[in-house]
Amino acid sequence: MTYDDHDEEWISKSQRKRECHALQDLGSELVKLSRADLDKIPLDDELQQAINEARRIKQRGALKRQMQFIGKLIRQRDAEALQQAYDRVMHPFEEDIKHFHQLEKWRERLLSDGDAALEKLVEEQPDTDRQHVRQLIRSARNEQKQNKPPKAARELFQYLKTLMAED
C-alpha cells in the first residue's frame, strides 16, 4: 500500500461511525428540547419536520430509524453551527461569564502593570480615554494602600465593561 497526500484526509470507518453517532446524539438532544428552545436554533423546514415527526413516534424501532434519518440530515448541513446553537441554548450565560472574566483580567492587569497594560488596551480599544483610565488606576491603587473599599476599581471595571461592549 502506498502513502500519498490523499491519505492525510483519510478517515477510518470507526471514526466515521463515531462522528455519525455524535450527530445522532445531537439530533436526539434536539428532539428533547422544548418548543421554545428549539425555536432559538436555526433549522430548515426538512430538519424541523423530521424532529417533529420523531416527537410523535412511540415505537422504538421506528424512533431509532427516525433518529438515524435526523443524523443524516444534520450531516448534510453545517453540523458545527447546529452544535454551537444548541450549546448557546443549553448554556446561555457561558459567553457572558467569559466576557466578565476577560474584564476582570484586564482590570487586574491594569492595576498591576500600569502604563504597559494601558498601552496594550489602547491598541485593542482605540477609543480608550487614557487620562480617565490612569486616574482610575491611581485611585484604585491608593484605595488598596489605605485599605479603603475598592470604589475606583469598580469604576474601572464599569468603564472597561462599557468600552468593550461597543465591539
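That block above? That's the structure.
The structure presented is a predicted model; accordingly, all values stated were derived computationally and were not measured. (Residues numbered from 1 in each chain as written. Predicted model: local features only at pLDDT ≥ 70, side-chain atom pairs only at ≥ 80, totals over all residues. Heavy atoms only, no water.)

(A) Expanded view of the packing of aromatic side chains. In total, this model carries one aromatic pair according to the counting rule given. With a centroid separation of 5.2 Å and an interplanar angle of 65 degrees, the aromatic rings of Phe-100 and Phe-157 are classed as edge-to-face. With Phe-100 in helix H6 (residues 94-113) and Phe-157 in helix H9 (residues 151-165), this pair connects stretches of sequence that are 57 residues apart. Judged by its relative accessible area of 38%, Phe-100 falls in the partly exposed class. Residue classification places Phe-157 among the buried positions, given a relative accessible area of 8%. Between Arg-109 and the ring centre of Trp-106, over which it is positioned, the NZ or CZ distance is 4.6 Å. (Phe/Tyr/Trp six-rings, centres within 6.5 Å; stacked < 30°, edge-to-face > 60°. Helix = DSSP H or I, 4+ residues; strand = E, 2+ residues; numbered from the N terminus. Buried < 20%, exposed > 50% of the residue type's maximum accessible area, 1.4 Å probe, protein only. Lys NZ or Arg CZ within 6 Å of the ring centre and 35° of its normal.)

(B) Structural detail: a negative patch on the surface. On the surface, Asp-87, Glu-94, Glu-95 and Asp-96 cluster together into a negatively charged patch. With three residues, H6 is the single largest residue contributor to the negative patch. Its place among the elements puts Glu-95 in helix H6. Exposure remark for Glu-95: the relative accessible area of 53% places this residue in the exposed category. (Patch = residues over 30% accessible without salt bridge, like charges linked within 9 Å, V, L, I, M, F, W, Y side chains within 5 Å. Areas by Shrake-Rupley, 256 points an atom, 1.4 Å probe, with all protein chains shown as cover. Salt bridge = Lys/Arg side-chain N within 4 Å of Asp/Glu carboxyl O. Lys, Arg positive; Asp, Glu negative; His and termini not counted. Charge placed at Lys NZ, Arg CZ, Asp CG, Glu CD.)

(C) Geometry of the side chain of Arg-107. If you trace the backbone, Arg-107 turns up in helix H6. The class for Arg-107 is buried, based on a relative accessible area of 16%. Apart from the residues within four sequence positions on either side, Arg-107 is in contact with Ala-153, Arg-154, Leu-156, Phe-157 and Leu-160. (Contact = heavy atoms within 4.5 Å.)

(D) Fine view of unusual backbone geometry. One non-glycine residue, Asn-147, lies in the positive phi region at around 55 degrees. Asn-147 gets classed as exposed once you look at its relative accessible area, which sits at 71%.

(E) Here's a closer look at the packing of helix H8 (residues 130-145) against H9. Put simply, H8 and H9 touch, their axes get as near as 7 Å, and they point 150 degrees apart. Between H8 and H9, the angle is such that the two are roughly antiparallel. Regarding H8 and H9, the two cross each other, and that crossing is left-handed. The segment H8 lies against H9, with His-132, Val-133, Leu-136, Ile-137, Ser-139, Ala-140 and Glu-143 engaging Lys-151, Ala-152, Ala-153, Glu-155, Leu-156 and Tyr-159. Here the residues of the contact of H8 with H9 sort into eight nonpolar, two polar and three charged. (Axes fitted to C-alpha atoms, helices over the stretch in contact; angles between N-to-C directions. Parallel < 35°, antiparallel > 145°, perpendicular 65-115°, else oblique. Left-handed = near helix turned anticlockwise from the far one by under 90°. Nonpolar A, V, L, I, M, F, W, Y, C, P; charged D, E, K, R; others polar.)

(F) Structural view of the pattern of salt bridges. According to the stated counting rule, one finds eight salt bridges in the structure shown. Between Arg-77 and Glu-46 there is a salt bridge, with its nearest N and O atoms 2.9 Å apart. Of this pair, Arg-77 sits in the loop between helix H4 (60-75) and helix H5 (79-90) while Glu-46 sits in helix H3 (residues 45-56), and the two are 31 residues apart along the sequence. On the basis of relative accessible area, Arg-77 is assigned to the partly exposed category, the value being 22%. Glu-46 gets classed as partly exposed once you look at its relative accessible area, which sits at 40%. One salt bridge in this structure joins Glu-53 and Arg-56, with 2.9 Å as the shortest N-O distance.

(G) Layout of the packing of helix H1 (residues 13-32) against H5. Interhelical geometry of H1 versus H5 gives an angle of 40 degrees and a closest axis separation of 11 Å. As the angle between them shows, H1 and H5 are arranged oblique. The crossing of H1 and H5 is left-handed. Taken together, the residues of H5 that come into contact with H1 (itself represented by Leu-23, Leu-26, Glu-29 and Leu-30) are Ala-79, Leu-82, Gln-83 and Tyr-86. Tallied by class, residues from the contact of H1 with H5 come to six nonpolar, one polar and one charged.

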